[in-house]
Amino acid sequence: MKNAPITKGNESAKDQGHSITVTGKDEPRIDSRLIANHLGVQHESITRLLTTYKNDFKELGILRFQIGEITGRGQPERYAMLNEDQAYLLLTYSRNTKKVRQLKLKLVLAFKEARHALSIHQTEYLPTYHQLHDAIARIAGGSSNERFIHMNVNKAVNQAVGVKSGNRHNLAFPSKSVLAVAQMIARNAMTSASNHKDGYQSAKQALHGFKKALEIENETSPSLLLIGNKGVGHE
């Protein structure tokens, strides 16, 4: 099969230094627009490849097209969220230039990290999350404030690891593991309390101590940057 032509993009739109971002709660996927940016080509060229060989891409999973937000008076952009195999196939159908080879390497590393993060999410984060909120339900069951206790403990956990609400899914290793540890600490504090008010205060105090320990660790080992890492969704 011949390589389909790629149209060169605007030079000012290129940013070869930025990292690849892979997203997806259940399956890591990458935005086709990001691939276009890394290659320095018009996104329409990428869309044309995906459309021309759509049956090939569907052999590797659902070809998931989405509509982007409207900016200004233009038409909303149609883009694809590609899984790992689809992303590699897309580059296979592109000319084997230096940029394509560099992007292949970046994708290998990005998807590897995404798989690792997903594994941690399933084996460490979710179990400790459910254990924590089961403990809250047991100690606060029947209270009219139970929902707010769940919310406040979540906020305390987020503050301890330095992540804003709604950004937990963006956390990568080791920050996701640190979050799981924070949830274990909060769970233990809630379990040992006699009532939900004491439990919340105990959890908050324990998490505060954990945060201080993390700050000291970050100062002594800045390369780890366990909390407050902008690269893992702390905005």
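Here the structure is shown first, and the text comes after it.
What this report covers is the structure whose coordinates are included nearby. It should be emphasised that the depicted structure is a prediction, and the values quoted were computed from it without experimental measurement. (Residues numbered from 1 in each chain as written. Predicted model: local features only at pLDDT ≥ 70, side-chain atom pairs only at ≥ 80, totals over all residues. Heavy atoms only, no water.)

As for the overall build of the chain
Note the threshold: Secondary structure elements follow DSSP: runs of H or I of four or more residues count as helices, runs of E of two or more count as strands, with numbering from the N terminus. To sort residues, take the accessible area from a 1.4 Å probe on protein chains only and compare it with the maximum for the residue type: under 20% means buried, over 50% means exposed, and anything in between is partly exposed.
Counting secondary structure elements, the chain contains 8 helices and 3 strands. Mapped in sequence order, the helices and strands of the chain form the string β-α-α-α-β-β-α-α-α-α-α. A buried classification covers 41% of the 235 residues belonging to the chain.

Details of the pairing of strand S3 (residues 78-83)
This is how the line gets drawn: Whether two strands pair comes down to DSSP finding at least two bridges between them.
Counting buried positions over the 6 residues of S3 gives 5, a clear majority of the element. Across 3 bridges, strand S1 (residues 29-31) lies against S3 in antiparallel orientation. What sits directly across from Ile30, in S3, is Leu82. Pairing geometry for strand S2 (residues 64-67) and S3, over 4 bridges, is antiparallel. Opposite Gln66, over in S3, you have Tyr79 as the bridge partner.

Remarks on the packing of helix H6 (residues 146-161) against helix H7 (residues 175-191)
For clarity, the cut-off: Helix axes are fitted only over the stretch in contact, all axes being lines through C-alpha atoms; the angle between N-to-C directions runs from 0 to 180 degrees. Small angles under 35 degrees read as roughly parallel and large ones over 145 as roughly antiparallel, with 65 to 115 read as roughly perpendicular and the rest as oblique. The sense of a crossing depends on the near helix, which, turned anticlockwise from the far helix by less than a right angle, makes the crossing left-handed and, turned clockwise, makes it right-handed. Whether two residues are in contact is decided by their heavy atoms, any of which lying within 4.5 Å being enough.
Where H6 meets H7, the closest approach of the two axes is 10 Å, and the angle between their N-to-C directions is 135°. Classified by the angle between their axes, H6 and H7 sit oblique to one another. Crossing hand, H6 versus H7: right-handed. In contact with Ile149, Val153, Val157 and Val161 of H6, H7 contributes Val178, Leu179, Ala182, Gln183, Ala186 and Met190.

Looking at the nonpolar core
Counted only if it meets this: Among buried residues, the Ala, Val, Leu, Ile, Met, Phe, Trp, Tyr and Cys ones that are joined through side-chain atoms within 4.5 Å form a nonpolar core.
Ranked by size, the top nonpolar core spans 26 residues in total, and within it Ile30, Ile35, Leu39, Ile46, Phe57, Leu82 and Leu90 carry the most contacts. Of all the secondary structure elements, the ones that give two or more residues to this core are helix H1 (32-39), helix H2 (43-52), S3, helix H4 (84-92) and helix H5 (98-140). At 6 residues, the largest contribution of residues to this core is made by H5. Membership of the second largest hydrophobic core comes to 25 residues, among which are Tyr125, Ala156, Ala186 and Leu207.

With respect to the pattern of salt bridges
Test applied: By convention in these notes, a salt bridge is any Lys or Arg side-chain nitrogen within 4 Å of a carboxyl oxygen on Asp or Glu.
For the structure shown, the criterion picks out 4 salt bridges. Note that Glu84 is salt-bridged to Arg115, the shortest N-O span being 2.6 Å. With Glu84 in helix H4 and Arg115 in helix H5, this pair connects stretches of sequence that are 31 residues apart. Classification of Arg115 by relative accessible area gives partly exposed; the value is 40%. Among the salt bridges present, the one from Lys212 reaches Glu215, with a minimum N-O distance of 3.9 Å.

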